[in-house]
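Each chain is listed here by its residues.
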Amino acid sequence: MAEQQLSKPIGIIEKTLGVSMSLVIILYSTNLIRFDLMILNIMLLMFVILLGYLPRTFYVQDGKNKFSIINLIFMLFGIAPNIYLLLNLDHVYFLWGSIWEPEDLIFGTMIILSVLYLAKLYIGWTLPIVALVFILYTVFGYVLPNQLFGHPGIPIERAIAHFFGPSGMYGTVLNVFSTIIVIFILFGTFLINSGAATTLLDLAKSVTGRMRGGSAKVAVAGSALMGSINGNPIANVATTGHLTIPLMKKQGFKPEFAGGVEAVASSGGVFLPPIMGATAFVMAEFLGVSYTEVMVAAILPGILYYVGIFLLVDLRAHKMGISNLAKEEIPKFLSVLKTGWIHLLPIVVLVYMMLVVRSSVSKAGLVAIGVLFLISFLRKETRMNVPKLIQTLSDSAKSTVSLGAIIATAGIIIGSVGITGLGSRFGSVILSYAQDNVYLAGFLVAILCIILGMGLPTIAAYVIAVAVAASTLTDLGVSPLTAHLFVFYFAALSGLTPPVALTSYTAATIAKSDMMKTSYTAFKLAIVGYVIPFVFLTNPALILKAGVGEILLTVTTAVIALIFAAMALEAASFIGKSFYWYFWQRILFVVVAVLLVIPGIITDISGLAIALVTILADPRIIKRIGGQKATN
């Protein structure tokens, strides 16, 4: 939803609330103030509710002050329960879940309605409807037969008390939001407000702009860099897409291809370290491991995802005869570093703190923010003076609203899955179909993740899918980290998967292209993302859980597989003047790719042998070897 225009008094109140929220986060995270995590959760959710509803309640339209009584009611529904919790902390700590008072049920109903309506205001009806379905399932599950995941049913008063507490919306996911995610939102806002977005895109231009199909490769590299920082595919498309999509169209790429490239590149940012966005932090918390372990496991799959996109973009540019960007459009790499190092140093510090110093994620984020703030004073144009600092603190807090609503709503869904035992019930159904076949189980889980994730932000899709389906894979012997990464990939890719592909639709709007064509193009470009999870499902080398030799062999065969998969998809060659492969060759190239990604020396040799025979059996290749001109 577009940002509302506010009257001056309301704007001041909003900015004050935003700055206050950011200061609470900083003071708590630096131990300058200290109180229980539950109190922090309550305070931050109250800030989210106030910042979310205030501009929707009191706003200016057509030059006149407007007022929404409905939004005011829902805002009060959100504030009162949090005040009630703060005044009754002993009840929360010692009695919650075993004894509930009438006030718990009243305030619990109020906060549930407030959070669901806030999510509706900022991201639409899909997630609130999903949450309502889970609430109804919790209470009325007894009407369903066992084969349709029926359960004895939970009394409504117990269900509401469960959702309105540490096992529901104030549970694990909100803990991660309060202690880690908000810090990285703050870090990202500092980066953007200091001009880092321009630096990252200029870096992408300086490196990839000279390549064939330069504009599309700039989009891939630039959106990867930005996406790794903000971790929100739709927001990434909405920001970088306005720069990259027109550039691609100007160079000759079709609108649906330009939109598809931007959608796929922006979506991959959540797979690419060092930051990966909010979902990866939640994953680390669910797994009970350090974020660094998740980040390290995600490195190779994330890189291969972008290698696949680069290859497809390169082939399309080769077919269309689209070369590099004009010389005047390409900044010099050293010039970009000379002026932009000030934006890159905090990112380097962040990675150093997490990988070398092995500090906590929140501490690494705080140190990176501190470094960025201090070095900003080295230049006039980046200086964080008081007005700019206040604006950054305010912008950061406002940026948490939609995510805070998503996370609180996701807490309700997690509470439902936990209290009803839906995860284990669903797992037993999948296992009965899969019959110990990990690939079949993975396929069923992948379909579920895509369906559950349709129309949802990545973090919500992941939280729902992992609560329902991750245990299915671990029951088959898959490691918890691998199972969660598998679910994560398909939850994120649901935004690209037709027919409901919000990320692709956002890009199509900017590209002024047909939405379904753009969605299909994005699906095709992201095909490697759908394959990679099945590779690391049984090959731990891809997530760096093997020896160096095995990892190198896996990476080498994976890259060769991507080359043949790209040629099969685009029906084009990388060799000299591009020409189309015959249909039978494309089919065999797919076979080659599949054989190469299956672990084992026999499959690798077989794949390479088939590839060699397939290429040499083409008479055009023989002509080229003989020095004659090949024709299509």
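Just above sits the structure.
The following refers to the structure shown. (Residues numbered from 1 in each chain as written. Predicted model: local features only at pLDDT ≥ 70, side-chain atom pairs only at ≥ 80, totals over all residues. Heavy atoms only, no water.)

1. Quick look at the overall build of the protein
Turning to step 1, where the next piece is worked out: Across its full length, the protein carries 29 helices and two strands.
Turning to step 2, where the next piece is worked out: Computed over its C-alpha atoms, the radius of gyration of the protein comes to 26 Å, within 12% of the 26 Å expected for a compact globule of 632 residues.
Turning to step 3, where the next piece is worked out: For the protein, the spread of C-alpha atoms along the principal axes amounts to about 85 × 65 × 50 Å.
Turning to step 4, where the next piece is worked out: Across the protein, the fraction of contacts at a sequence separation of at least 24, relative to all contacts at a separation of at least 6, is 75%.
Turning to step 5, where the next piece is worked out: Element-wise, carbon and sulfur atoms account for 68% of the exposed surface of the protein, whose accessible area totals about 25,700 Å².
Turning to step 6, where the next piece is worked out: Averaging the locations of the 38 positively and 26 negatively charged side chains of the protein gives two centres separated by 15 Å. (Helix = DSSP H or I, 4+ residues; strand = E, 2+ residues; numbered from the N terminus. Rg over C-alpha atoms; globule rule 2.2 N^0.38 Å. Contact = heavy atoms within 4.5 Å. Areas by Shrake-Rupley, 256 points an atom, 1.4 Å probe, with all protein chains shown as cover. Lys, Arg positive; Asp, Glu negative; His and termini not counted. Charge placed at Lys NZ, Arg CZ, Asp CG, Glu CD.)

2. Description of the pattern of salt bridges
Turning to step 1, where the next piece is worked out: Scanning the entire structure with this criterion turns up eight salt bridges.
Turning to step 2, where the next piece is worked out: If you follow the salt bridges from partner to partner, you end up with Arg316, Lys319, Lys524 and Glu570 in one network. (Salt bridge = Lys/Arg side-chain N within 4 Å of Asp/Glu carboxyl O.)

3. Quick word on the packing of aromatic side chains
Turning to step 1, where the next piece is worked out: Per the stated rule, a full pass over the model turns up 28 aromatic pairs.
Turning to step 2, where the next piece is worked out: Aromatic side chains Phe373 and Phe377 sit 5.2 Å apart centroid to centroid with 85 degrees between the ring planes, which places their arrangement in the edge-to-face category.
Turning to step 3, where the next piece is worked out: Given a relative accessible area of 26%, Phe373 falls into the partly exposed group.
Turning to step 4, where the next piece is worked out: Judged by its relative accessible area of 37%, Phe377 is partly exposed.
Turning to step 5, where the next piece is worked out: One aromatic cluster in this structure is built from Phe271, Phe286, Tyr305, Tyr306, Tyr462, Phe488, Tyr489 and Phe536. (Phe/Tyr/Trp six-rings, centres within 6.5 Å; stacked < 30°, edge-to-face > 60°. Buried < 20%, exposed > 50% of the residue type's maximum accessible area, 1.4 Å probe, protein only.)

4. Side note on the packing of helix α18 (residues 401–420) against helix α21 (residues 458–474)
Helix-helix packing: each pair is described by the crossing angle between the helix axes and the interaxial distance.
Turning to step 1, where the next piece is worked out: At a minimum axis separation of 9 Å, α18 and α21 run at an interaxial angle of 10 degrees. Considering the angle they form, α18 stands roughly parallel to α21. Of the residues in α21, those touching α18 at Leu403, Ile406, Ile407, Ala410, Ile413, Ile414 and Val417 are Ile459, Ala460, Val463, Ile464, Ala467 and Val468.
Turning to step 2, where the next piece is worked out: In terms of residue class, the contact of α18 with α21 is made up of 13 nonpolar, no polar and no charged. (Axes fitted to C-alpha atoms, helices over the stretch in contact; angles between N-to-C directions. Parallel < 35°, antiparallel > 145°, perpendicular 65-115°, else oblique. Nonpolar A, V, L, I, M, F, W, Y, C, P; charged D, E, K, R; others polar.)

5. A few points about helix α7 (residues 156–163)
Turning to step 1, where the next piece is worked out: Within the sequence span of α7, burial applies to Ala159, Ile160, Ala161, His162 and Phe163.
Turning to step 2, where the next piece is worked out: Against the buried residues of α7 lie α5 (102–123), α6 (126–140) and α18.

6. Observations regarding the environment of Val92
Turning to step 1, where the next piece is worked out: Here Val92 is to be found in helix α4 (residues 89–94).
Turning to step 2, where the next piece is worked out: In the structure, Val92 is positioned 411 residues away from Thr503 in sequence and 40 Å away in space, judged by C-alpha atoms.
Turning to step 3, where the next piece is worked out: Setting aside chain neighbours within four positions, we find Val92 in contact with Met38, Leu85 and Pro166.

7. Observations regarding the nonpolar core
Across soluble globular proteins, nonpolar side chains have a tendency to be buried as a group.
Turning to step 1, where the next piece is worked out: In this structure, Tyr170, Ile181, Phe187 and Tyr305 are the most contacted members of the largest nonpolar core, which totals 214 residues.
Turning to step 2, where the next piece is worked out: Looking at this core, the element that brings in the most residues is helix α14 (residues 291–320), giving 15 residues. (Core = buried A, V, L, I, M, F, W, Y, C linked by side-chain atoms within 4.5 Å.)

8. Concerning helix α19 (residues 422–434)
Turning to step 1, where the next piece is worked out: An ideal rise of 1.5 Å per residue puts 18 Å on 13 residues; α19 measures up with 18 Å between its terminal C-alpha atoms.
Turning to step 2, where the next piece is worked out: Restricting attention to buried positions, one finds in α19 the residues Leu422, Gly423, Phe426, Gly427, Ile430 and Ala434. All buried residues of α19 lie within an arc of 125 degrees about the axis, which places them on one face of the element.
Turning to step 3, where the next piece is worked out: Residues of α19 that are buried sit in contact with α6, α18, α20 (438–453) and α21.
Turning to step 4, where the next piece is worked out: At the exit of α19 stands Gln435, carrying a positive phi of roughly 55 degrees. (Expected span 1.5 Å × (residues − 1). Arc of directions from axis to C-beta.)

9. With respect to the packing of helix α1 (residues 8–29) against helix α17 (residues 386–399)
Turning to step 1, where the next piece is worked out: Where α1 meets α17, the closest approach of the two axes is 7 Å, and the angle between their N-to-C directions is 85 degrees. Viewed along their axes, α1 and α17 adopt a mutual orientation that is roughly perpendicular. Two secondary-structure elements touch here, α1 through Glu14, Lys15, Gly18, Val19, Met21, Ser22, Leu23 and Ile26 and α17 through Ile390, Gln391, Leu393, Ser394, Ser396, Ala397 and Lys398.
Turning to step 2, where the next piece is worked out: Split by residue class, the contact of α1 with α17 holds seven nonpolar, five polar and three charged.

10. Thoughts on the environment of Gly153
Turning to step 1, where the next piece is worked out: When you line up the elements, Gly153 lands in the loop between α6 and α7.
Turning to step 2, where the next piece is worked out: Once you skip the residues sitting within four places of it in the chain, Gly153 turns out to touch Thr138, Val139 and Tyr142.

11. Let's talk about the pairing of strand β2 (residues 64–67)
Turning to step 1, where the next piece is worked out: Alignment of strand β1 (residues 58–61) against β2, held across four bridges, turns out to be antiparallel. The residue bridging Val60 from the neighbouring strand is Asn65, located in β2.
Turning to step 2, where the next piece is worked out: The antiparallel hairpin formed by β1 and β2 contains two residues in its connecting segment, where Asp62 sits at a positive phi of about 55 degrees. (Pairing = 2+ DSSP bridges.)

12. Some remarks on unusual backbone geometry
Residues other than glycine predominantly adopt negative phi, and peptide bonds predominantly adopt the trans conformation.
Turning to step 1, where the next piece is worked out: Between Pro273 and the following residue, Pro274, the backbone shows a cis peptide bond with an omega angle of 20 degrees.
Turning to step 2, where the next piece is worked out: By the element assignment, Pro274 lies in the loop between α12 (255–267) and α13 (278–287).
Turning to step 3, where the next piece is worked out: Here Pro498 and Pro499 are connected by a cis peptide whose omega angle stands at 5 degrees.
Turning to step 4, where the next piece is worked out: Turning to its location among the elements, Pro499 is positioned in the loop between α22 (480–493) and α23 (502–511).
Turning to step 5, where the next piece is worked out: The phi torsion at Asp436 lies on the positive side, around 65 degrees, for a residue other than glycine.
Turning to step 6, where the next piece is worked out: Along the chain, Asp436 turns up in the loop between α19 and α20.
Turning to step 7, where the next piece is worked out: Looking at Asp436, the relative accessible area reads 67%, which means it is exposed.

13. Regarding the side chain of Thr189
Turning to step 1, where the next piece is worked out: Within the fold, Thr189 resides in helix α8 (residues 172–193).
Turning to step 2, where the next piece is worked out: Given a relative accessible area of 10%, Thr189 falls into the buried group.
Turning to step 3, where the next piece is worked out: Side-chain polar atoms of Thr189 contact the backbone oxygen of Ile185, separated by 2.7 Å.
Turning to step 4, where the next piece is worked out: With sequence-adjacent residues up to four places away left out, Thr189 is seen in contact with Thr392, Asp395, Ser396 and Ser399. (Polar contact = N/O pair within 3.5 Å; in protein donor to acceptor, adjacent residues only side chain to side chain.)

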